[in-house]
Amino acid sequence: MVALPELKSDLPSDTGSENLIIEVDGERRPTKRFAWYYAPTYLLFWVGLFFAVIYPLFQNLPTGLKISQESDNPGKFVAERAQAQLLEISLLGPRLVGDTPNEVTVVKYLLDEIEKIRLLMREDLYEMEVEVQRVSGSYVIKGFTNHYQAVQNVLVKLSTKSSNSTNYLLVNSHYDTKPGAPGAGDDVSMVVVMLEVLRQVVISEDEFFHPIVFLFNGAEEQPMQGSHGFITQHRWAANCKALLNMDSCGAGGREMLFQGGPDHPWLMEHYRSSAPHPFATTTGEEVFQSGIIPSDTDFRIFRDFGVVPGLDMAGVYNGFVYHTEFDRYTVVSRDSLQHTGDNLLALVRSISRSVEMYDTLAYSEGHAIFFDFIGLFFVHYQQSTGVALNITFSVAAIIFVCASLWRMSKVSGQTLGTYAGAFGLFFLLALFGIVLALLFPVLMSVFYDAGDRTLTYFSNSWLVIGLYICPSVIGLVLPVTLYLTHRPSLKIPHTYQLQIVGHANCILLVIMCLSLTVLKYRSAYLFLISLVFYVASLIINLASRLHCRGYLWSALLGLSQIVPFLYHAYLFHTFIIILLPMVGRFGVSSNPDMIIAALVAIGTILSLSFAAPLINIFRRPNCMLGGLALVMFIFCMISVSDVGFPYRPKTNVMRADFMQVHRRFFEYDGSMSLEDSGYYFHLNDRNKEAPLRKTMNLTGLVRMGEDCDDNEMMCGLPCYRFCTARQHALWLPREELVELPYPTTLQLLNKTVLSDGYQVRYEFLLSGPPNMGLFFQPLDGVKILGWTFAHSMLENPATYRPPLNVLLTYGIDSSPTHFFVEFSKYNGKFDEPVFELGVSGHYFSPTAKRDDLTREFLATLPDFAFAVEWPSSYERYIF
């Protein structure tokens, strides 16, 4: 037991507990608060900690190894060789499924590079099989049926002659790109990393146990057809028992492990023990799987269609160039390739030699909680362990907070009820502070949105400091600071009151931690980190005389918060780096600033919930709040100047995607009721078309509106994948018809009334560009019974309501698509309209000719905007 020191206090009536004299074991000690001018130093300490530790560690990359250094570093990944390959593939330009660069040129390049690697292989140790898979299939994803024909994958299977294992490790990346994008970051950087990893493995004398399949995927952007074709149809697929998926939503920087398993924590152990540059978080996994992030990876396909557990890693830095023409060789550094290559090579070696691969099901033990600590080391444990830790430390926090309150009452001579009442009050004030810490930044985002100033931080991310961080800190400490300043207690010393503030914040974190635990969110570990270090400091303070020696306890508390601050600030800095470019493609219907504001607020609360209230150990804490408010005001003034204009040429572009559409509407009798053309805009951010009006003539531009489906099926638009946002689309008519590179043709081959008289079958032949779309709208009393494509949409009518969308893609084989569709009709009358059919053709290829008027229109695009644009056809038929 710890002996309790005897404490007596003299409380001057004019200052409450401001200048407290306490007596501990007969020794009188003043507890006067520190001078106000030390407070800025205290706050700047945390700012300095961020820029001195977190920022450089986040940017830290290993030095890229040169080919000339390879002999001195045997078995090491050589980034210079990968960088040279990156340049060669990037120079091919956009590689779209169905285009020659993707289906012929890059496939030949990969086969040639693989053959060079084969010539280096230790043939006494290894066997290599190489093939090009051409595959067709159909499946439902993201609300549409994805039907593909003859897409290609380049495959390499590397086996050890001394092992007879039939369980394979699968490594995947993709070489196709979005229209207009060279795709250096997404995803050629990962393709060349795989090539170099393959090279290092085949020249090594260190054998592995399990065959390795390298899948160079030729159709990920369509979306994810190549991976689906492999995992559902290739002969090696059933043997693939673990996956390393490599993708990117940016270019350069470090790759993040953001998905794992599911239910295979042994994979995390291999990451911990082998990856030399850890960068990972469970919270990233939960955020990604929530659907907030407007992206997806092949990991979903391998998980859902092949039930292959794995690790999903992606480059997350500089998302501003993602899917733009600026995703070039120059934005991917050699050091970045070294970072990814070191990690992937180590993981391939570790997992391919693992015991778990012999029977992965035996090691399926539930979800894992995982994270790196500022890039220095990696932590992981099972979710069940996380639950036990969360409960244990939450209970411990409650116990020690109660012990602290009892001790305060004991040594100060006040009743426990007095301290319990004070705790209840400060708990409410702390709760109110958290609400304000969330509310103030969100209100800033609402005000800026109302004033048409959205995304002011898009090109200058440092504006987030004044616009959101400062308001959040003010809100966090405002209630407690105002109370302690204007309502000092005559019964409880100020130093004790401030300790109770920390206890109140601790119990709030306990509630949040336990709530997330009950809801089975693994991100509860974020609160656990704060609790562990607060409880540790509380135990030390209780076990020492610091607890009753004025404000000395605050020094220990402040020191104990360095580790939680470093982790939480690092993590949320990471999230801001990832999400800030993404909000430029979150669409027009929601306020993206609110997402950034809320993210910053949560990060501020976790980072500073214990440290920020300590400004009250200084005199005049209100002055500090005023100083933060002044900083906020200055940043606001900067943000409404030209500095706050969101976009910059090449580096931070506005995404203004649009099609040049040629439309024709055919009636039941075959007559054409309408033929027109226009530009169909799908804008990606909240600022809509306003910035474009600076240089473009948008006279006559109309918004489709919520009721556009009432007038025409699919609003009369050839929407491509982003059909759910068609009500927010913009249509700019043009007088001249769009000239299409070549026609998209639909031919009705047969119409057959089936034997029962209530069903009919239509057969069609469709030809056109590599990407086409079909929209089926049965009329009243009609139901779709079957068709050529995947049946999932037809089997779930409550989920998938007409019009039903089918996306068709072809790769190396451009043969026309033959398909049928069958309907039933309650009255059996098939000599009248049965259904509407929309047919769209999308001419993505950069070689597809744009007409003169389109080129003139494109020339007026402002230099800060990037357009993914293409000619498109749309025909609506009634059969």
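Being a predicted model, the structure only gives us computed values, none of them experimental.

Cut-offs used in this document
Residues numbered from 1 in each chain as written. Predicted model: local features only at pLDDT ≥ 70, side-chain atom pairs only at ≥ 80, totals over all residues. Heavy atoms only, no water. Helix = DSSP H or I, 4+ residues; strand = E, 2+ residues; numbered from the N terminus. Rg over C-alpha atoms; globule rule 2.2 N^0.38 Å. Buried < 20%, exposed > 50% of the residue type's maximum accessible area, 1.4 Å probe, protein only. Contact = heavy atoms within 4.5 Å. Lys, Arg positive; Asp, Glu negative; His and termini not counted. Charge placed at Lys NZ, Arg CZ, Asp CG, Glu CD. Disulfide = S-S within 2.5 Å. 1 Å grid on protein atoms, 1.4 Å probe; cavity = no way out; pocket = protein on both sides within 12 Å on 5 of 7 lines; lining within 4 Å. Points joined across faces, edges and corners; volume = space filled by probe spheres on them. Nonpolar A, V, L, I, M, F, W, Y, C, P; charged D, E, K, R; others polar. Expected span 1.5 Å × (residues − 1). Bend = angle between axes of the 7 residues up to and from the residue. Core = buried A, V, L, I, M, F, W, Y, C linked by side-chain atoms within 4.5 Å. Pairing = 2+ DSSP bridges. Axes fitted to C-alpha atoms, helices over the stretch in contact; angles between N-to-C directions. Salt bridge = Lys/Arg side-chain N within 4 Å of Asp/Glu carboxyl O. Phe/Tyr/Trp six-rings, centres within 6.5 Å; stacked < 30°, edge-to-face > 60°. Patch = residues over 30% accessible without salt bridge, like charges linked within 9 Å, V, L, I, M, F, W, Y side chains within 5 Å. Areas by Shrake-Rupley, 256 points an atom, 1.4 Å probe, with all protein chains shown as cover. Polar contact = N/O pair within 3.5 Å; in protein donor to acceptor, adjacent residues only side chain to side chain.

So, the overall build of the protein
Working step 1: When you go through the protein residue by residue, the secondary structure sums to 21 helices and 25 strands.
Working step 2: The globule rule puts the C-alpha radius of gyration for 879 residues at 29 Å, and the 31 Å found for the protein is close to it.
Working step 3: Referenced to the eigenvectors of the C-alpha coordinate spread, the extents of the protein come out at roughly 105 × 70 × 55 Å.
Working step 4: The buried share among the 879 residues of the protein stands at 60%.
Working step 5: The contacts in the protein between residues at least 6 apart in sequence include a share of 80% that link residues at least 24 apart.
Working step 6: Mean positive and mean negative side-chain charge positions of the protein (64 and 82 charges, respectively) differ by 8 Å.

Quick word on the state of the cysteines
Working step 1: On inspection of all chains with the given rule, the structure shows 2 disulfides.
Working step 2: Here Cys 708 pairs with Cys 715 through a disulfide, and the sulfurs are 1.8 Å apart.
Working step 3: Overall, the relative accessible area of 3% leaves Cys 708 in the buried class.
Working step 4: When its relative accessible area of 4% is taken as the criterion, Cys 715 is described as buried.
Working step 5: Covalently, Cys 719 is tied to Cys 723 through a disulfide, its sulfur atoms 2.1 Å apart. What sets the handedness of the Cys 719 and Cys 723 disulfide is the S-S torsion sign, and at about 95 degrees it is right-handed.

Section: empty space enclosed by the protein
Working step 1: All told, the structure shown has 8 cavities of 30 Å³ or more when counted by the stated rule.
Working step 2: What the largest cavity holds in volume is close to 100 Å³.
Working step 3: If you go around the largest cavity, you meet 15 residues; those closest to its centre are Ser 189, Met 190, Gly 252, Ser 336 and Thr 340.
Working step 4: Taken together, the elements giving at least two residues each to the lining of the largest cavity come down to helix H4 (184-202) and helix H9 (334-352).
Working step 5: The residue inventory of the lining of the largest cavity, partitioned by class, reads 5 nonpolar, 8 polar and 2 charged.
Working step 6: In this structure, the second largest cavity is lined by Gln 499, Gly 502, His 503, Tyr 534, Ser 537, Leu 538, Asn 541, His 547, Trp 553 and Leu 557.
Working step 7: Put simply, the parts of the chain that give the lining of the second largest cavity at least two residues each are helix H13 (494-518), helix H14 (525-543) and helix H15 (552-560).
Working step 8: Partitioning the lining of the second largest cavity into residue classes produces 4 nonpolar, 6 polar and no charged.

Concerning helix H3 (residues 100-120)
Along an α-helix, residues three or four positions apart point the same way, because every turn accommodates 3.6 residues.
Working step 1: For H3, which comprises 21 residues, the first-to-last C-alpha distance of 30 Å matches the rise-based estimate of 30 Å (1.5 Å per residue) to within 8%.
Working step 2: At Val 106, H3 is deflected by roughly 30 degrees, the largest bend along its length.
Working step 3: Residues of H3 that are buried in the fold lie against helix H2 (79-90), strand E4 (126-141), strand E5 (144-160), H4 and strand E7 (212-217).

What to know about the nonpolar core
Working step 1: Ranked by internal contacts, the top residues of the largest apolar core, which has 135 residues, are Tyr 457, Tyr 468, Tyr 525, Phe 681 and Leu 692.
Working step 2: When residues in this core are grouped by element, the largest group, 14 residues, is from helix H16 (residues 562-582).

Things to note about the sheet that holds strand E17 (residues 745-753)
Working step 1: Pairing is antiparallel across the open sheet formed by 4 strands, whose spatial order is E17-E18-E22-E20. Strands at the two margins of the open sheet, each flanked by one partner only, are E17 and strand E20 (782-787). Averaged over all adjacent pairs, the angle separating strand axes in this sheet is 25 degrees, with direction ignored.
Working step 2: In this structure, E17 lies alongside strand E18 (residues 759-767), joined through 8 bridges in antiparallel fashion. Bridge pairing links Asn 750 to Glu 763 in E18.

Considerations on the layout of surface pockets
In this approach a probe as big as a water molecule rolls over the atoms, and the regions it shows empty are the leftover space.
Working step 1: In this model, the second largest pocket occupies a volume close to 1300 Å³.
Working step 2: Only helix H1 (39-59), helix H12 (463-486), H16, helix H17 (592-608) and helix H18 (621-639) provide two or more residues apiece to the lining of the second largest pocket.
Working step 3: Split into classes, the residues belonging to the lining of the second largest pocket amount to 32 nonpolar, 12 polar and no charged.

Looking at the pattern of salt bridges
A side chain of one charge can pair with a side chain of the opposite charge when the charged atoms of the two come close.
Working step 1: Going through the model one piece at a time under the given rule, you end up with 31 salt bridges.
Working step 2: The shortest N-O distance in the salt bridge between Glu 285 and Arg 522 comes to 2.5 Å. You can see Glu 285 sitting in helix H7 (residues 282-289) and its partner Arg 522 sitting in the loop between H13 and H14, a full 237 residues away along the chain.
Working step 3: Residue class for Glu 285 comes out buried when judged on its relative accessible area of 2%.
Working step 4: Residue classification places Arg 522 among the buried positions, given a relative accessible area of 8%.
Working step 5: Between Asp 851 and Arg 734 there is a salt bridge, and its shortest N-O distance comes to 2.8 Å. On the criterion of sequence distance, the pair formed by Asp 851 in the loop between strand E23 (835-842) and helix H21 (852-859) and Arg 734 in strand E16 (residues 730-734) is long-range, its members being 117 residues apart. Pair check on accessibility: Asp 851 and Arg 734 agree, each one buried.

Examining the packing of aromatic side chains
Working step 1: This model, assessed by the stated rule, comprises 61 aromatic pairs.
Working step 2: Arranged with centres 4.9 Å apart and planes meeting at 70 degrees, the rings of Phe 258 and Phe 288 form a pair that is edge-to-face. Residue Phe 258 is located in strand E9 (residues 255-261), and its partner Phe 288 is located in helix H7; the two are separated by 30 residues in the primary sequence.
Working step 3: On the basis of relative accessible area, Phe 258 is assigned to the buried category, the value being 7%.

Let's talk about a negative patch on the surface
Working step 1: A grouping of Glu 735, Glu 736, Glu 739 and Glu 856 is seen on the molecular surface, where their side chains present a negatively charged patch.
Working step 2: Checked against the element boundaries, Glu 739 lands in the loop between E16 and E17.

Here we look at the environment of Tyr 168
Working step 1: Following the sequence through the fold, Tyr 168 ends up in strand E6 (residues 168-174).
Working step 2: A relative accessible area of 9% places Tyr 168 in the buried class.
Working step 3: Taking the C-alpha atoms as reference points, Tyr 168 and His 210, separated by 42 residues in sequence, lie 5.7 Å from one another.
Working step 4: For Tyr 168, the residues in contact, after removing those within four places along its chain, are Lys 157, Pro 211, Val 213, Trp 236, Asn 239, Cys 240, Lys 241, Ala 242 and Met 357.
Working step 5: At 3.3 Å, the side chain of Tyr 168 forms a polar contact with the side chain of Lys 157.

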